[in-house]
Structures are given as structure tokens and as C-alpha cells.
Amino acid sequence: MCGIVGYLGYRQAAEVCMEGLLRLEYRGYDSFGIATVSPEITLFKETGKISAAKDSIHLNGTCGIGHTRWATHGVPSKTNAHPFTDCTGKLAVVHNGIIENYAQLKRELEERGHTFVSETDTEVIPHLIEEQYAGNLCEAVAKILPLLEGAYAILVITEDTQEIVAARKGSPLVLGIGDNEYIFASDGLPILDYTRRVIYLEDGDLADVTPAGYTIYHGAEVVERKTAVLEWDAADIRKGGFAHYMLKEMYEQPEVFSNTASSIAENPSLLCRLRDARSITIVACGTSANAATVFAYLMETVCGIPTRVVLASEFKYYPTPKNDVVIAVSQSGETADTIAALKIAKEKGAKTFCLTNVLGSSLTRTAETTFYTRAGPEVSVAATKSFTAQVAAFMEMVNIISGGKLTEDIAEIQRYLPEVLEYDVDAAVELVKDAATLLYVGRGLSYPIALEGALKMKEISYIHAEGYAAGELKHGPFALLSESTPVVAVCLSGITYPVMMSNLKEMKARCAPEIVLGNAGDLDAEEIADVFIPLPKVSEIAGSILASVVLQMLAYKTAVSLGTDVDMPRNLAKSVTVE
Ligand code: G6P
């Protein structure tokens, strides 16, 4: 979703902002803009990709702000792109989040003579500041913040000073502190090229940055915020010879799985609290919710602890059991629904944990305790390695809590991950790429794997794909089956096998072409399949997780063959910071 960058120092601010926005591209956007102080406020706005407009940006000045916009209020257009100015054009503002009471504020401002050019909620902010501004930008911003309802991370500049004023409430904002230069950004990635020293601003913070230094206010108080060190490497956010970030990130999975699994034991007291839990609720969205479903299955079947997954956006409508442990799972740590759900859980007295991939993210400040996945930065909108890292973390938690019952499964996954990444899925791609609808099916642990496989396919290939528990097909989806509705089935030796085989036969009887991910040497499954993908002969648990990687590759190769924008699929955002 929207990304913001601000620079104050000795370099050309527009260049730093543009490079920074390119680093935030992965979040998803449909237009972008930059403003610099040179000495008056100069703006550049455009729709579409930054790379296409790169050579047309000629803004001077060493103080500037930039923004990538993912449309919420108003269509993607130059007019609706940030930054926005006030009536005088002396102030410019970029904003990430949603101002919920903007309509009322806009009406009042119009009554007082302000004119608006866009349909956005953001545009009220520069006009409100304009009314308060009498030479001290920081004071003026502080005065208008109480009027804003909703979430925001904002950066404000004025032509009168070399200064950036920043405020945060509910949307992420990081301040990078270099040598005689400062960079604000929505996350650490744009900052890495300049410095590793950062401050994660807290909700309610107001930061005033000038060439003389920075001051952070919280209410009327000046506060000291701890500096943190960005752990990621600038090399991690380059494609490194791969055609897409998604492919690169998929190939990182063997390392990510092992790194994450081996880090879980570092937190024994936390694991004890999970082991002693009467019940566990997990809140998450998208791919993280699918990884959470893997955890719920393992926790219930291996450890016998009642565990449920509630989609974060639905959590507020559910009761929280007394003494429940609530775990929020989120790659970014910035998903608004997940943060909101964890806050509710905390208010209701639950013990709150989070599992995230991003150090210092908002979720880590809400949860009482944090586990980190060790996936490194994930740039592709479609989550791959972060899913595998979440699964690794969860499997290791279950393994430790159960006294080592998953040790073999974990070892098998580690052993075969590099191999399954090399599988040839071309025949499967041929079978699905022209279909209008695909059904993904599995049972037991393969059910969340089917959900995740279908999610990957629809996200990046735009083919309608749905994941089902195989037993549910007869309760409706069977009506869709025909020779033009391919089915992708995970059918592995183990407790689910006999019924899965029956299901494959039933679907075959309805003429559905079948892609079957089974165990190598399973002649029955191979015979029924139109395309058979042989997985190693491993446990059903290990096989299901290995199947998820093959399904990622199937989605990836299908998307490539269809020519979609694999890393930045249409309409999607990596980090969904609005509810
Ligand atoms: C967005 C992303 C998905 C992701 C979901 C949850 O929709 O496009 O890939 O699974 O958000 O994100 P989180 O960062 O909370 O895991």
C-alpha cells in the first residue's frame, strides 16, 4: 500500500526519494509523486510505474518528500497523487493511512474558503496546517493532529525552512539517521543504502528534523527513542540475477526454513507458555492465515492443544476465550486487521504473541512477546519464503512442545527442499494456463496447502482458483467440474490417502483433468493423473510442506507464461495497512 519517503541532507532529495520509492514499489501502488524545497515547493506527480517516468523527474533541492499511492479515496490519477499542497503552495504533505473524518473536515475547510483539487482524504491535511502555520511548522502540525481521526504517517515540508516534520499514528514510519543526513521511510528498505541506524517512531510521535538534528515529541514532552540497527543487507533487496523477486525468494527457502527453525529454541520460556495454554487462537490474513492453519492442525494433532485460526478481519466479531493465548501472524507486522485483532485480544486479557518477519514492526509493539521468522526482506507481493519461514517456526514450536515428535519431518523438509525447487512443472502449466477456474484440493495438512496453492495462483496469474478440503467438493463445487475445470490435488501416502484416491476417481468421472502431487512410485495415483508430479517418499507432513513449494512454482511459471506482472500483481499490495 502507500509508501512514503523523505530526505534531508546534502544529496539531491528527489533522487533519494525516487530510489526509496523504488524500494517500496513492492508494497503496491498505482501513482506516485515527489516534492522538494528548491527554494519554492516543486512537485512531480505521475501515474503508473516509477521506472517509466524516472528520466522526467528534474527536481532540485536537498530536502524533499515522496509517495507511492495505492488508491483508496479517488481513482489513480495525477490529480489524486501525493504530495498535496495548501492554497498557497508553500506546504507539501505526503500521507500513508486513512483520515476517517476527512469529509467533515473538508466541508468545514471549504466553508472557510479553501479549495480542493483531489478526491483524496489526505488533501485536508495541508489545508489544516496552512490555517495554523505562522512560521513554525512543527507547532502547526502539532496543533492539527488532534483533529485527525484514523491512521496516518505523514511528512510535511515548507518552502520557508530546510525541515521535515513527521507524525505517526497507526501507520509505520522509520527515521534513518546518517552522517549529516536523515531519511524517513515506511520501512527500513529505502534507508539501507544510507545508514543502518534507525528509530522506529511510536504512535503519537511527532518528529522535527532540520540540518541541526532531530527532536521527537510525544504530546508536549520531548522524548528519547532508542536507535535500532537494521539487520537486513542491501544485497538482499536486489534480484541477484533472477528474473523476478518471487523466483529469487522461492530459491531462498531452504536457507530460510533452516534459519527460522533453528532460531525458535532461543525462546524457551515462551514455548513453555504455549505448552501450558488451555487454548490458542491465531489471527492472521492471507498467506499468513494459511500458515496459521498448518500450525493449528499440527498443534491439535501432535500436541493436543485446541487451536483455532480466526481471520484477523473477523476477530472482533468473535468472543475471546478466557485465558486464551492469541498469536498474531504477519510477514510485514503492519497488516491493519491483524494489528487491530491483537489489540482487541490484549484488551480482553489474552496473552498475546506475534510471529513476524520485520524487526520493530507495529505488531511487535502491540504483542507482549515476539517470535521472528528469519526470512529476510520479501519484496514480491506474493508471499513465498515468508510462508515457508512461518511454517518452519510453527513446526519447530510443535516439535519442541511435543518433545521432538516432528524432528524427522523437519529433517526431511530440509533435505528435499532444494530438490523440489528444480521440479519440472511445465506439463502442469500447459494444463492450467488457459483455464477459467481451477480447484485445489487436499485433506488434513494438505488442505491449508491447497488453500495456499490456490491463493498463489489467483494472485499472480489472475486465474480464478479455489482451495477446498477434498471432502467438501461434493457439497457444491462438484457442479463446476468438467473437462475444462482442472483440479490440482495433493494426494500423499498416509492417513488421508485412501479417501483422496476415491475423491480423485470421483472427479475423474466428471471429466476433470487432474494434476496430482503424489509420492514417487505411487502407480495408482500416477495412473489416474493427467499430470503426475512425484514428490519424495517422505512423511505425509513433510510431503505436504514440500508440495507447497511445487505449487508456488506452478503459479509462478503459469504467471510467467501468461505475461502478468509477477512481482507486482494488479490491485494487490504487499502490506495492507488499512482495515
Ligand atoms: C497482503 C499480501 C499477502 C499477505 C497478506 C498478509 O494481502 O499481498 O501476500 O499474505 O497481506 O500480510 P502479512 O504481512 O500480515 O503476512
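Remember, predicted model here, so these are calculated numbers, not experimental data. (Residues numbered from 1 in each chain as written. Predicted model: local features only at pLDDT ≥ 70, side-chain atom pairs only at ≥ 80, totals over all residues. Heavy atoms only, no water.)

### A look at the overall build of the chain
Move 1: Looking only at helices and strands, the chain features 18 helices and 25 strands.
Move 2: Compactness check: the chain gives a C-alpha radius of gyration of 25 Å against a globular reference of 25 Å for 579 residues, within 12% of the reference.
Move 3: Referenced to the eigenvectors of the C-alpha coordinate spread, the extents of the chain come out at roughly 80 × 50 × 45 Å.
Move 4: Expressed as a percentage of the 579 residues in the chain, the buried residues total 61%.
Move 5: Partitioning the contacts of the chain with sequence separation of at least 6, the portion at a separation of at least 24 is 69%.
Move 6: For the chain, the accessible surface area stands at approximately 21300 Å², while carbon and sulfur atoms represent 50% of it. (Helix = DSSP H or I, 4+ residues; strand = E, 2+ residues; numbered from the N terminus. Rg over C-alpha atoms; globule rule 2.2 N^0.38 Å. Buried < 20%, exposed > 50% of the residue type's maximum accessible area, 1.4 Å probe, protein only. Contact = heavy atoms within 4.5 Å. Areas by Shrake-Rupley, 256 points an atom, 1.4 Å probe, with all protein chains shown as cover.)

### Here we look at helix α4 (residues 124–132)
Move 1: Every buried residue of α4 is accounted for by V124, I125, P126, H127, L128 and I129.
Move 2: Contact partners of the buried residues in α4: β5 (84–85), β6 (91–99), α3 (102–111), α5 (137–144) and β7 (150–158).

### Brief notes about the sheet that holds strand β22 (residues 464–469)
Move 1: The parallel open sheet is built from five strands, whose spatial order is β22-β21-β23-β24-β25. In this open sheet, the two edge strands, each paired with only one partner strand, are β22 and β25 (531–535). On average, each strand axis in the sheet is inclined to that of its neighbour by 15°, with strand direction left out of account.
Move 2: Relative to β22, strand β21 (residues 437–442) runs parallel, the two sharing six bridges. (Pairing = 2+ DSSP bridges. Axes fitted to C-alpha atoms, helices over the stretch in contact; angles between N-to-C directions.)

### Regarding the sheet that holds strand β16 (residues 280–284)
Move 1: Taken in spatial order, the five strands line up as β17-β16-β18-β19-β20 in an open sheet, and their pairing is parallel. Each edge of the open sheet carries a strand with a single partner, namely β17 (307–311) and β20 (369–372). Between one strand axis and the next, the sheet turns through 25° on average, direction left out of account.
Move 2: As paired elements, β16 and strand β18 (residues 325–330) share five bridges and run parallel to each other. Within β18, the position partnered with A284 by the bridge is V329.
Move 3: Across the sheet, helix α8 (residues 268–275) touches β16, β18, β19 (351–356) and β20, and the angle it forms with β20 is around 110°.
Move 4: Helix α10 (residues 336–347) rests against β16, β18 and β19 of the sheet, and its axis sits at about 165° to β18.

### With respect to the domain arrangement of the chain
Move 1: Here the domain parsing of the chain yields domain 1 (3–235), domain 2 (239–405) and domain 3 (422–579).
Move 2: Of the residues lining the interface, 10 residues belong to domain 1; the matching set on domain 3 comes to nine residues.
Move 3: Together domain 1 and domain 3 conceal approximately 830 Å² of surface at their shared face, both sides included; 62% is due to carbon and sulfur atoms.
Move 4: Counting the surface domain 1 buries against domain 3, the share from its top three residues, Y26, R27 and W70, is 51%.
Move 5: For the pair domain 1 and domain 3, the interface holds one salt bridge.
Move 6: Ionic pairing is found between K49 and D565, a salt bridge with its closest N-O pair at 3.6 Å.
Move 7: For the interface between domain 1 and domain 3, the tally reads two residue pairs in polar contact (both at pLDDT 80 or more). (Domains from an automatic or database assignment. Buried area = accessible area lost by both parts, 1.4 Å probe. Salt bridge = Lys/Arg side-chain N within 4 Å of Asp/Glu carboxyl O. Polar contact = N/O pair within 3.5 Å; in protein donor to acceptor, adjacent residues only side chain to side chain.)

### Re the packing of helix α9 (residues 286–303) against helix α12 (residues 385–401)
Move 1: Two numbers describe how α9 lies on α12: the axes approach to 9 Å, and their chain directions differ by 15°. Relative to α12, the element α9 lies roughly parallel. For α9 against α12, the interelement crossing comes out right-handed. In this structure, α9 uses T287, S288, N290, A291, A292, V294, F295, L298, M299, V302 and C303 to contact α12, whose residues at the interface are F387, Q390, V391, F394, M395, M397, V398 and I401.
Move 2: Of the residues in the contact of α9 with α12, the class split is 15 nonpolar, four polar and no charged. (Parallel < 35°, antiparallel > 145°, perpendicular 65-115°, else oblique. Left-handed = near helix turned anticlockwise from the far one by under 90°. Nonpolar A, V, L, I, M, F, W, Y, C, P; charged D, E, K, R; others polar.)

### Overview of the site of the ligand
Move 1: Lining the immediate environment of the ligand, one finds 14 residues, of which S288, S330, Q331, S332 and T335 sit closest.
Move 2: Side-chain polar atom of S330 to an oxygen atom of the ligand: 2.6 Å apart, as the coordinates give it.
Move 3: Within the backbone of V381, a nitrogen or oxygen atom sits 3.2 Å from an oxygen atom of the ligand.
Move 4: Contact with the protein chains removes 90% of the 390 Å² of surface that the ligand exposes when unbound.
Move 5: If you tally residues by element for the shell around the ligand, the top one is α9, at three residues.
Move 6: Within the shell around the ligand, the residues separate by chemical class into five nonpolar, seven polar and two charged.
Move 7: Residue contributions to the shell around the ligand reach at least three from each of two domains, namely domain 2 (239–405) and domain 3 (422–579). (Near = heavy atom within 4 Å.)

### What to know about the nonpolar core
Move 1: Counting 84 residues, the largest nonpolar core has I280, M395 and Y440 as the members making the most contacts within it.
Move 2: If you tally residues by element for this core, the top one is helix α18 (residues 540–562), at 13 residues.
Move 3: Residue-level mapping places this core at the junction of two domains, with at least three residues from each of domain 2 (239–405) and domain 3 (422–579).
Move 4: Discounting residues that sit within four places of it in the chain, Y440 has contacts with A450, G453, A454, M457, A465, E466, G467, Y468, V488, L551 and L554. (Core = buried A, V, L, I, M, F, W, Y, C linked by side-chain atoms within 4.5 Å.)

### What about the environment of T335?
Move 1: Position of T335 among the secondary structure elements: in the loop between β18 and α10.
Move 2: For the pair T335 and V222, spaced 113 residues apart in sequence, the C-alpha separation works out to 29 Å.
Move 3: Not counting residues within four places of it along the chain, the set of residues in contact with T335 comprises C285, S330 and V576.

### Here we look at the packing of α9 against helix α15 (residues 446–461)
The description of two helices packed together rests on the angle between their axes and the distance between the axes.
Move 1: Viewed as axis vectors pointing N to C, α9 and α15 meet at an angle of 165°, and their least axial separation amounts to 9 Å. Taken together, the axis directions place α9 and α15 in an arrangement best described as roughly antiparallel. Considering how the two elements wind past one another, α9 and α15 form a crossing that is left-handed. Within the contact between the two elements, α9 uses G286, T287, N290, T293 and V294 and α15 uses P448, I449, L451, E452, L455 and K456.
Move 2: For the contact of α9 with α15, the per-class residue count stands at five nonpolar, four polar and two charged.

### Quick look at the packing of aromatic side chains
Each aromatic ring pair is summarised here by two numbers: the centre-to-centre distance and the angle between the ring planes.
Move 1: This structure, assessed with the given rule, holds five aromatic pairs.
Move 2: Just above the ring of F84 sits the side chain of K45; from NZ or CZ to the centre is 4.4 Å.
Move 3: The cationic tip of R570 hangs over the ring face of Y462; the distance from NZ or CZ to the ring centre is 3.9 Å. (Phe/Tyr/Trp six-rings, centres within 6.5 Å; stacked < 30°, edge-to-face > 60°. Lys NZ or Arg CZ within 6 Å of the ring centre and 35° of its normal.)

### Notes on the pattern of salt bridges
Move 1: Scanning the entire structure with this criterion turns up 22 salt bridges.
Move 2: A salt bridge links K474 to E506; the shortest N-O distance between them is 3.0 Å. Pair noted here: K474 is in the loop between β22 and β23 (487–490) and E506 is in helix α16 (residues 497–509), with a separation of 32 residues, a long-range link.
Move 3: Residue classification places E506 among the partly exposed positions, given a relative accessible area of 23%.
Move 4: Each of K248, E252 and K385 takes part in a single network of salt bridges with overlapping partners.

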